[in-house]
Amino acid sequence: MNVDFTTIEYLKYGNKKQKRAYLDLKKHTVLDKLLAFNPILTGTIPIDIDLPNSDLDIICECKHHDAFSLFLKQQFSEYQDFKVYQTIQNTIPSTIATFKTDQFLYEIFGQAIPSKQQNAYRHMLIENEILKQKGHQFKKDIVSLKLKGFKTEPAFAKLLGLKGNPYLALLALEGDYLKN
């Protein structure tokens, strides 16, 4: 069964943490507040390779970083440990906000790129397909590497024997794993 990761409905039927994430996202209306920016939940929780301290990563399409920063401040600054900043990630201007609810740490990430074309979403889709094809033991091995300190993409690269930059190497597999 293919999951539509552009909505969070699949979380309602997932594992315990995914169900908690769904309830937390709804309770705090995080995605509703971000609707104008085409938000998509990405990262490890949607594909069930998260660790106990994994955050909820939400990518957004933002055209104007100063306006997006101000919007994030207006919507989320009352949350614990809120901060927002602008940076350059892979040569692309990016805006990042982080905050905590009583259940989760959130990271909202914005670039002037359509959400479905951002690397976080593309990586997640590729990783999900690899997990489906490689099976349960591969998933356990990914989580084991992550528990040893590996980031997600480097863990996949190690187990798949990919060379070079693991983030780019995973993207290079897009055509092999995803049918457009």
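The structure under discussion appears in the preceding block.
Cut-offs and rules
- Residues numbered from 1 in each chain as written.
- Predicted model: local features only at pLDDT ≥ 70, side-chain atom pairs only at ≥ 80, totals over all residues.
- Heavy atoms only, no water.
- Phe/Tyr/Trp six-rings, centres within 6.5 Å; stacked < 30°, edge-to-face > 60°.
- Helix = DSSP H or I, 4+ residues; strand = E, 2+ residues; numbered from the N terminus.
- Buried < 20%, exposed > 50% of the residue type's maximum accessible area, 1.4 Å probe, protein only.
- Core = buried A, V, L, I, M, F, W, Y, C linked by side-chain atoms within 4.5 Å.
- Pairing = 2+ DSSP bridges.
- Axes fitted to C-alpha atoms, helices over the stretch in contact; angles between N-to-C directions.
- Parallel < 35°, antiparallel > 145°, perpendicular 65-115°, else oblique.
- Contact = heavy atoms within 4.5 Å.
- Nonpolar A, V, L, I, M, F, W, Y, C, P; charged D, E, K, R; others polar.
- Disulfide = S-S within 2.5 Å.
- Expected span 1.5 Å × (residues − 1).
- Arc of directions from axis to C-beta.
- Left-handed = near helix turned anticlockwise from the far one by under 90°.

J.: Help me understand the packing of aromatic side chains in this model?
T.: Aromatic ring pairs are defined here through the distance separating the ring centres and the angle between the ring planes. Following the criterion strictly, the structure yields 8 aromatic pairs and no others. Ring centres of F37 and F71 lie 5.1 Å apart, and the angle between their planes is 55 degrees; on these two criteria the pair is classed as tilted. Taken together, the residues span a long stretch of sequence, with F37 in the loop between helix 2 (30–33) and strand 1 (40–42) and F71 in helix 3 (residues 65–76) at a distance of 34 residues. Each member of the pair, F37 as well as F71, is classed as buried. By the ring-pair criterion, three or more aromatic residues cluster together here, those being F76, Y79, F99 and Y106.

J.: When you look at the nonpolar core in this model, what are you seeing that I'm missing?
T.: The biggest cluster of nonpolar side chains holds 49 residues, and the ones touching the most others in it are L25, L34, I58, F76 and I108. Per-element accounting of this core gives the leading share, 5 residues, to helix 4 (residues 119–134).

J.: Quick question: what am I supposed to make of the pairing of strand 4 (residues 92–100) here?
T.: Taken residue by residue, a regular strand's side chains alternate between the two faces of the sheet. As paired elements, strand 3 (residues 80–89) and strand 4 share 8 bridges and run antiparallel to each other. Considered in strand 4, the bridge of V84 is made with A97. Hairpin geometry of strand 3 and strand 4 is characterised by an intervening segment of 2 residues between the two adjacent antiparallel strands and by a positive phi of about 55 degrees at N90. Across 7 bridges, the pairing between strand 4 and strand 5 (residues 105–111) is antiparallel. Following the sheet pairing, K100 is matched in strand 5 by L105. In this structure, the hairpin formed by strand 4 and strand 5 is closed by a connection of 4 residues.

J.: Teacher, can you tell me more about the packing of helix 4 against helix 5 (residues 136–147) here?
T.: Axis angle and axis distance: for two packed helices, these are the angle between their axes and the distance between the axes, and together they describe the pair. Look at helix 4 against helix 5: their axes get within 6 Å of each other, and the N-to-C directions meet at 130 degrees. Comparing the axis directions of helix 4 and helix 5 gives the class oblique. Of helix 5, the residues touching helix 4 (which contributes I130, L131 and K134) are H136, F138 and K139. Considering only residue class, the contact of helix 4 with helix 5 consists of 3 nonpolar, 1 polar and 2 charged.

J.: What am I meant to see in the state of the cysteines here?
T.: What the rule picks out here adds up to 0 disulfides. There is no disulfide at C60, and the cysteine sulfur nearest it, in C62, is 7.7 Å away.

J.: What's the story with helix 3 in this structure? I'm lost.
T.: Residues lying three or four places apart along an α-helix face the same way, a consequence of the helix completing one turn every 3.6 residues. Given a rise of 1.5 Å per residue, 12 residues ought to cover 16 Å, and the 16 Å separating the end C-alpha atoms of helix 3 matches this to within 8%. Along helix 3, the positions that sit buried rather than exposed are H65, F68, S69, F71, L72 and F76. Viewed along the axis of helix 3, the buried residues span an arc of 160 degrees, placing them on a single side of the element. Away from the buried face of helix 3 by more than 90 degrees, exposed residues D66 and Q74 are located. At its buried positions, helix 3 is contacted by helix 2, strand 2 (56–61), strand 3, strand 4 and strand 5.

J.: Looking at this model, I keep getting lost on the packing of helix 4 against helix 6 (residues 152–160). Mind explaining?
T.: For the pair helix 4 and helix 6, interaxial distance at closest approach is 12 Å and the crossing angle is 40 degrees. Here helix 6 runs oblique to helix 4, going by the angle between their axes. For helix 4 against helix 6, the interelement crossing comes out left-handed. Every residue of helix 6 that contacts helix 4 at H123, E127, I130, L131 and K134 is listed here: T152, E153, F156 and L160. Classifying every residue of the contact of helix 4 with helix 6 by side-chain character gives 4 nonpolar, 2 polar and 3 charged.

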